[in-house]
2 protein chains.
Amino acid sequence: MDEQNSTLGDVKDYLLQKKINPSYQRLKILEYLMNSQSHPTVDIIYRTLFEEIPTLSKTTIYNTLNLFIEKGLITGLTIEENEVRYDANTAPHAHFKCTMCGKVFDIPIDFPPQVGTTVYGHIVKEKHFYMKGICKDCTGRPA
Amino acid sequence: MDEQNSTLGDVKDYLLQKKINPSYQRLKILEYLMNSQSHPTVDIIYRTLFEEIPTLSKTTIYNTLNLFIEKGLITGLTIEENEVRYDANTAPHAHFKCTMCGKVFDIPIDFPPQVGTTVYGHIVKEKHFYMKGICKDCTGRPA
DNA sequence: TTCTCTGCAAACGCTTTGCACGGAT
DNA sequence: ATCCGTGCAAAGCGTTTGCAGAGAA
């Protein structure tokens, strides 16, 4: 399970393999995404990396994330209408968002229809499954 | 299958039963939602009803939809990050959005986990499943 | 009169765009 | 010298908020 902690070197190789120029900002953003389980928003990425890169701008984060999505390295999650979250986990899985603490968990379940098949005549290219509720850390906690 | 065409009278009774004052705007908005299969955005609702109610404002539509969501009459769908769509179908079902024509179809499938149960220790309160791809009307059509 | 609904206008917050500076080759 | 990445500032766009006028009871 040590793909959970990629080094900067690993990330650099990965970017090169995907034909993306591995600038410092891109390295740090992808490293953060790959090592965090938190499905961060742009704002969380910004606030975290800003401590280390005080010149970082949100524009660069948007540019970079959109580039990564375009190249298929990450996917954007739309759980709440006004915030996009980003996920570097490429295996099919579902998400669970806790309405109390706001955390988003990966849920390793999958089910038909599979991408590439058809449902009721429609060709499936992407599928997204997410749930909301109270996570196990917040169960029993006062509102 | 004639719940697909509710009359204004039906809609009025429904609002009264839910303890919502049945103003003309509210009646028309709910009637439109209940009779359309298209999961409209605010903009679509606005442009459609504006023809009949030229004084209608988007603010009223937002007010009304948020009231309906609060009272549990409808749900908001977040498929694309920058647009909320609204659905008056309260049975559990999935959605399919065509990336060519933009239409959203109801897909009558459902699967575990059910609302009220737990997954990996988390209590499920809501679940959402949607797919994207090419709908059967657009299959084979040139891009 | 009192309370609620409506709708204009302005504010808001996230994301994108325009553009110029700077670093790398 | 050229190209590409970065990041400031402004624009864009869907949604919410403030508030005043209209309508119902």
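One numbering rule holds for all chains: residues counted from 1, following each sequence as written. Written order determines the labels here, with chains lettered from A and ligands numbered from 1. In view of the model being predicted, local features appear only for residues whose pLDDT reaches at least 70, and side-chain atom pairs are presented and counted only at 80 or more, with totals across whole chains, interfaces and linings using the full set of residues. Side-chain calculation: all heavy atoms of the structure are included, whereas hydrogens and water are not.

Asker: Could you clarify how one ought to interpret the relation of the copies chain B and chain A in this entry?
Answerer: Put simply, the second copy of the chain is the first one after a rotation about an axis and a shift along it. For these two chains of identical sequence, chain B goes onto chain A by a turn of 180° and a shift of 0.0 Å along the axis, with RMSD 0.0 Å. Taken together, the rotation angle and the small translation identify this as a two-fold axis. Taking C-alpha positions as the reference, the residue of chain B nearest the rotation axis is Phe129 of chain B, at 2.2 Å. The criterion used for residue contact is that any of the two residues' heavy atoms lie within 4.5 Å. Most of the interface of chain B is mirrored in chain A, where 100% of its interface residues again form contacts. Least-squares superposition of the copies uses the C-alpha atoms of those residues scoring a pLDDT of at least 70 in each of them.

Asker: For this particular structure, what's the right way to read the packing of helix H3 (residues 42–50) of chain A against helix H4 (residues 58–70) of chain A?
Answerer: Packed helices, taken two at a time, are described by their axes: the angle between them and the distance between them. Residues and elements named next belong to chain A. Remark: H3 packs on H4, axes separated minimally by 10 Å, with the N-to-C direction vectors making an angle of 125°. Considered as vectors, H3 and H4 are oriented oblique to each other. Considering the relative orientation of H3 and H4, their crossing is right-handed. Judged by residue contacts, Val42, Asp43, Ile45 and Tyr46 of H3 engage Lys58, Ile61, Tyr62 and Leu65 from H4. Polarity classes work like this: nonpolar for Ala, Val, Leu, Ile, Met, Phe, Trp, Tyr, Cys and Pro, charged for Asp, Glu, Lys and Arg, and polar for all others, with Gly in that last group. Residue composition of the contact of H3 with H4, by class: six nonpolar, no polar and two charged. Helix axes are fitted only over the stretch in contact, all axes being lines through C-alpha atoms; the angle between N-to-C directions runs from 0 to 180 degrees. Helix and strand assignments come from DSSP, with helices taken as H or I runs of at least 4 residues and strands as E runs of at least 2, each series counted from the N terminus. Small angles under 35 degrees read as roughly parallel and large ones over 145 as roughly antiparallel, with 65 to 115 read as roughly perpendicular and the rest as oblique. Helix crossings are classified by the rotation of the near helix relative to the far one: an anticlockwise turn of less than a right angle makes the crossing left-handed, while a clockwise turn makes it right-handed.

Asker: Help me understand the side chain of Glu31 of chain B in this model?
Answerer: Residue and element names in this part refer to chain B. Tracing the sequence through the fold places Glu31 in helix H2 (residues 24–35). Whether a residue is buried, partly exposed or exposed follows from its accessible area with a 1.4 Å probe, protein chains only, as a fraction of its type maximum: under 20%, in between, or over 50%, in that order. Residue Glu31 is classed as buried on the basis of its relative accessible area, which comes to 17%. Ignoring any residue separated from it by four or fewer positions in sequence, one finds Glu31 in contact with Ser6, Leu8 and Val11.

Asker: Would you take a moment to explain the protein's contact with DNA strand D for this structure?
Answerer: In the vicinity of DNA strand D there are 16 residues, among which Ser23, Thr55, Ser57 and Thr60 of chain A together with Tyr62 of chain B approach most closely. In the interface set of DNA strand D, defined as its atoms within 4 Å of the protein, sugar plus phosphate atoms amount to 77%. Gln25 of chain A has a polar side-chain atom sitting 3.1 Å from a phosphate oxygen of DNA strand D. Counted as a polar contact is a pair of N or O atoms within 3.5 Å, where, for protein atoms, one must be capable of donating a hydrogen and the other of accepting one, and residues adjacent in sequence contribute only when both atoms are in side chains. A distance of 3.3 Å separates a phosphate oxygen of DNA strand D from a polar atom in the side chain of Asn66 of chain B. Those elements that place two or more of their residues in the surface near DNA strand D are helix H2 (24–35) and H4 of chain A together with helix H4 (58–70) of chain B. Only a single heavy atom is needed: when it lies within 4 Å of a molecule or strand, its residue is near that molecule or strand.

Asker: Sorry, what's going on with the pattern of salt bridges here?
Answerer: Two side chains that carry opposite charge are able to pair once their charged atoms sit near each other. Residue and element names in this part refer to chain A. For this document, the term salt bridge refers to a Lys or Arg side-chain nitrogen within 4 Å of an Asp or Glu carboxyl oxygen. In this structure the tally under the stated criterion is 16 salt bridges over all chains. Asp43 is paired through a salt bridge with Lys58; the nearest N and O atoms lie 2.7 Å apart. In this pair, Asp43 sits in helix H3 while Lys58 sits in helix H4, placing the two residues 15 residues apart along the sequence. We classify Asp43 as partly exposed; its relative accessible area is 27%. The structure contains a network of salt bridges with shared partners spanning Lys28, Glu31 and Glu52.

Asker: Quick question: what am I supposed to make of the protein's contact with DNA strand C here?
Answerer: Neighbouring DNA strand C are 15 residues, the closest being Tyr62 of chain A together with Ser23, Arg26, Thr55 and Ser57 of chain B. Of everything in DNA strand C that lies within 4 Å of the protein, sugar and phosphate atoms constitute 77%. The separation between a phosphate oxygen of DNA strand C and a polar side-chain atom of Tyr62 of chain A is 2.4 Å. Of all elements in the fold, only H4 of chain A together with H2 and H4 of chain B reach the threshold of two or more residues within the surface near DNA strand C. Grouping the constituent residues of the surface near DNA strand C by class yields three nonpolar, 11 polar and one charged.

Asker: Would you take a moment to explain the interface of chain B and chain A for this structure?
Answerer: Note on interface size: it is often stated as the accessible area lost on association of the parts. The partner chain A presents 31 residues to the 31 residues of chain B that form the contact. Note on definitions: buried area is the accessible-area loss of two parts on being combined, 1.4 Å probe, summed for both. Here chain B packs against chain A, burying approximately 2,900 Å² in sum over the two surfaces, 69% of which is carbon and sulfur. The three residues of chain B that bury the most area against chain A are Tyr120, His122 and His128 of chain B, which together make up 20% of that side's buried surface. Applying the counting criterion to the chain B and chain A interface returns zero salt bridges. On the surface where chain B and chain A come into contact, there are 10 residue pairs in polar contact (both at pLDDT 80 or more). Sorting the residues of the side of chain B that touches chain A by element identifies strand E1 (75–80), strand E4 (104–107) and strand E6 (122–134) of chain B as the ones contributing at least two each. Among the elements that make up the side of chain B that touches chain A, the one with the highest residue count is E6 of chain B (13 residues). Between any two strands, pairing holds if DSSP finds at least two bridges. As judged from the 11 bridges shared by strand E6 (residues 122–134) of chain A and E6 of chain B, these two strands associate in the antiparallel manner.

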